[in-house]
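Analysis of the macromolecular model
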Amino acid sequence: MLTLQLLLVKFGIRFVGVKLGILGLGTVGTGTVQLLQDSAGRHPLLRDVEIYRVGVRSLDKPRAVKIPDAVLTTDLEAIVNDPQVDIVVEVIGGLEPARSLILKAIENGKHVVSANKAVISRFGDEIFTAANQAGVYVMLEAAVGGGIPVIQPLKQSLSVNRIHTVTGIVNGTTNYILTRMQTEGSSFNDVLADAQKLGYAEADPSADVDGLDAADKIAILASLAFGGRIKLQNVYCEGIRQVSKTDIAYADKLGFVIKLLAIAKRVNLPSITPSPHLPISVRVHPTLVPKTHPLASINGVYNAILVEGEPIGQVMFFGPGAGAGATASAVSSDILNLVAVLQASTTTPNPLLTCGHQDYCEITPSEELISRFYSRFITKDQPGVIGKLGTCFGKYGVSLESVVQTGFQGELAEIVVVTHDVREGDFRQALAEIQTLEAIDSIPSLLRVL
Ligand code: HSE
């Protein structure tokens, strides 16, 4: 069934007001509503989005966002059947009723945005077959890596490459636990109990610590990277329960950290003739990662996905793998893409490909910028030089974090100064005056400190 908007687009008429039906107002739903309700400074297309219906379990629950009563409903079926709704945003999680609601939305000709890796990894075959038949899109940027844009890059920017391997740290809970085991020398059970107390791990942690969440995610990534569907039962999966602090300590001594890696890779066995269509392996397991490897430094709840292909080489995506704001960013980017699709037509160019702005950005003059500075002075080796430097900096409001005399160059002394955060204009004025001091020979280095 075509919505009014689809019909308008078909006839080349531009419109505003893409109507969203959001299923679920938990962490992700709330974050998404917050982002969409506060569109200033974001992509202008977001202003064309109307939060038309939001489906919740209870109307009485206190909410972190203001939503008119008329928008809220407990009837989720009614949202996916409402002819006014253009895009259904499924953020209820779990398998059912999420799967049925997605399929119903598709059947009704609606585009779908889902953050639900479990539904996509288990029922992707059914969902995407239905979507292709109905001529609608199912978008899933938030399903893997939270706020990290990785789905769209794999589908578009990187798809011209022949991908060899996708290696991810895609579960924040297990990465948090392993990082703490590594840094504190603690056991899995102690860190897990603490992580549960702090809200970093669920009361039932199995989906995370047994690797199931990571398996869902790598199945999705593998499917995109290697251009074929993946049966979840073919993903080898081992969690982190058996990783001991002893193994972490030995690994450390040998130059490794232990990470739960999700790996999808083309398998080049000696018996197989090399070809771009080699079979793949998809697996999740704790792995000793050399400390020099790009994934070794991904710590805490962060996620990262390393994609290796030809001709690009290595590309790594890093960022927050969960959380309201991060996931809302991913969900809203899918919404944005769909708004662009709905608005593009044969006569109206794709608003995401055209240059949508004419005005210039205002650039702050560098003297107004705030930064820390490192500066190295070559001075005469005489009493009071450091005092004179300090007085000059003080005169222009430049506060010093450290001053060290690092050595001598013949008759001359070498002094290194690091400032606190200062206005660059003030620092430069102080420096100009210091340069005129009789005791100063030269200022060979001036660098900014992050
Ligand atoms: N439970 C997941 C994790 C976040 O710990 O990374 C949602 O995908």
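None of these values were measured; they are calculated from a predicted model. (Residues numbered from 1 in each chain as written. Predicted model: local features only at pLDDT ≥ 70, side-chain atom pairs only at ≥ 80, totals over all residues. Heavy atoms only, no water.)

1. A short note on the sheet that holds strand S11 (residues 302-310)
What the six strands build is an open sheet, ordered S8-S10-S9-S7-S11-S12; its pairing is mixed. Both edges of this open sheet fall to strand S8 (236-237) and strand S12 (313-320), since each of them pairs with a single strand only. Two elements, strand S7 (residues 162-169) and strand S9 (residues 256-266), share four bridges in a ladder whose sense is antiparallel. When the sheet's bridge partners are listed, glycine 168 is paired in S9 with alanine 262. In the packing of helix H7 (residues 172-184) onto the sheet, contacts are made with S7, S9 and S11, and the angle to S9 comes to roughly 150°. Running over the sheet, helix H11 (residues 245-253) touches S9 and strand S10 (280-290) and is turned about 85° from S9. (Pairing = 2+ DSSP bridges. Helix = DSSP H or I, 4+ residues; strand = E, 2+ residues; numbered from the N terminus. Contact = heavy atoms within 4.5 Å. Axes fitted to C-alpha atoms, helices over the stretch in contact; angles between N-to-C directions.)

2. Remarks on the sheet that holds strand S2 (residues 49-55)
Adjacent strands of a sheet form backbone hydrogen bonds with each other and so pair up, either parallel or antiparallel. If you trace the six strands from one edge of the open sheet to the other, you get S3-S2-S1-S4-S5-S6, paired in parallel fashion. Edge strands, defined here as strands with exactly one partner in the open sheet, are strand S3 (72-73) and strand S6 (138-139). With four bridges connecting them, strand S1 (residues 18-23) and strand S4 (residues 87-90) associate as parallel partners. Note that in S4 the partner of leucine 23 across the bridge is glutamate 90.

3. Here we look at the domain arrangement of the protein chain
In terms of domain boundaries, the protein chain breaks down into domain 1 (4-147 + 325-343), domain 2 (151-320) and domain 3 (367-449). Between domain 1 and domain 2, the contact holds 20 residues from the first and 16 residues from the second. A combined buried area of about 1400 Å² lies between domain 1 and domain 2, and 59% of that area is made up of carbon and sulfur atoms. With a closest N to O distance of 2.6 Å, aspartate 125 and arginine 229 form a salt bridge. Counting every contact that joins domain 1 to domain 2 gives eight residue pairs in polar contact (both at pLDDT 80 or more). Among the secondary structure elements, those contributing two or more residues to the side of domain 1 that touches domain 2 are helix H5 (117-134), S6 and helix H12 (324-343). Its residues placed into classes, the side of domain 1 that touches domain 2 shows nine nonpolar, seven polar and four charged. (Domains from an automatic or database assignment. Buried area = accessible area lost by both parts, 1.4 Å probe. Salt bridge = Lys/Arg side-chain N within 4 Å of Asp/Glu carboxyl O. Polar contact = N/O pair within 3.5 Å; in protein donor to acceptor, adjacent residues only side chain to side chain. Nonpolar A, V, L, I, M, F, W, Y, C, P; charged D, E, K, R; others polar.)

4. Points about the side chain of serine 206
Mapped onto the secondary structure, serine 206 falls in helix H9 (residues 206-209). In terms of polar contacts, serine 206 uses its side chain to reach the side chain of aspartate 204, at 2.3 Å. Beyond its immediate stretch of four places on either side in the chain, serine 206 contacts Gly211, Leu212 and Arg241.

5. Some words on the pairing of S12
A regular strand places its side chains on the two faces of the sheet in alternate fashion. Bridging between S11 and S12 involves eight bridges; their strand directions are antiparallel. Bridge pairing in S12 places glycine 309 opposite glycine 313. Taking the residues that link successive antiparallel strands as the turn, the S11-S12 hairpin has two residues.

6. Brief notes about the site of the ligand
Taken together, Lys117, Asn171, Gly172, Thr173, Asp208, Asp213, Lys217 and Ala322 are the residues near the ligand. The contact in question runs from an oxygen atom of the ligand to an N or O atom on the side chain of asparagine 171, over 3.4 Å. For the ligand, an oxygen atom lies 2.6 Å from a polar atom in the backbone of glycine 172. For the ligand, the accessible surface in isolation is 260 Å², of which the surrounding protein chains cover 77%. Residue assignment for the shell around the ligand shows that the elements contributing at least two residues are H7 and helix H10 (212-226). A per-class count over the shell around the ligand returns one nonpolar, three polar and four charged. (Near = heavy atom within 4 Å. Areas by Shrake-Rupley, 256 points an atom, 1.4 Å probe, with all protein chains shown as cover.)

7. A short note on helix H13 (residues 385-395)
Looking at H13, one finds that the buried residues are Val385, Leu389, Cys392 and Phe393. Viewed end-on, H13 has its buried residues packed into an arc of 95°, placing them on one side of the element. Pointing more than 90 degrees away from the buried face of H13 are the exposed residues Thr391 and Lys395. Two residues or fewer past H13, glycine 397 is found with a positive phi of approximately 75°. (Buried < 20%, exposed > 50% of the residue type's maximum accessible area, 1.4 Å probe, protein only. Arc of directions from axis to C-beta.)

8. Remarks on the packing of helix H4 (residues 98-107) against H5
Two numbers describe how H4 lies on H5: the axes approach to 9 Å, and their chain directions differ by 10°. When the axes of H4 and H5 are compared, the pair comes out roughly parallel. Counting all contacts with H4, which are made through Ala98, Arg99, Ile102, Leu103 and Ile106, the residues of H5 involved are Val119, Phe123, Glu126, Ile127, Ala130, Ala131 and Ala134. When grouped by side-chain class, the residues that make up the contact of H4 with H5 number 10 nonpolar, no polar and two charged. (Parallel < 35°, antiparallel > 145°, perpendicular 65-115°, else oblique.)

9. Let's talk about the packing of helix H2 (residues 27-37) against H12
Where H2 contacts H12, the two axes come as close as 8 Å, and the packing angle between them is 65°. The chirality of how H2 crosses H12 is right-handed. Where H2 abuts H12, its residues Thr27, Val28, Gly31, Thr32, Leu35 and Leu36 lie against Ala324, Thr327, Ala328, Ser329, Val331, Ser332 and Ile335. Each residue belonging to the contact of H2 with H12 can be placed in one class, and the counts come to seven nonpolar, six polar and no charged. (Left-handed = near helix turned anticlockwise from the far one by under 90°.)

10. Here we look at the pattern of salt bridges
Applying the stated criterion across every chain, the model contains 22 salt bridges. For glutamate 96, the salt bridge identified is with arginine 99, shortest N-O distance 2.6 Å. The exposure class of glutamate 96 is partly exposed, given its relative accessible area of 44%. One salt bridge connects glutamate 184 with arginine 180, and the closest N-O pair in it is separated by 2.8 Å. Of the two residues, glutamate 184 and arginine 180 are both situated in helix H7; the distance of four residues between them amounts to about one turn of the helix. Given the relative accessible area of 43%, glutamate 184 is considered partly exposed. Three or more residues joined by partner-sharing salt bridges are found here, namely Glu96, Arg99 and Glu126.

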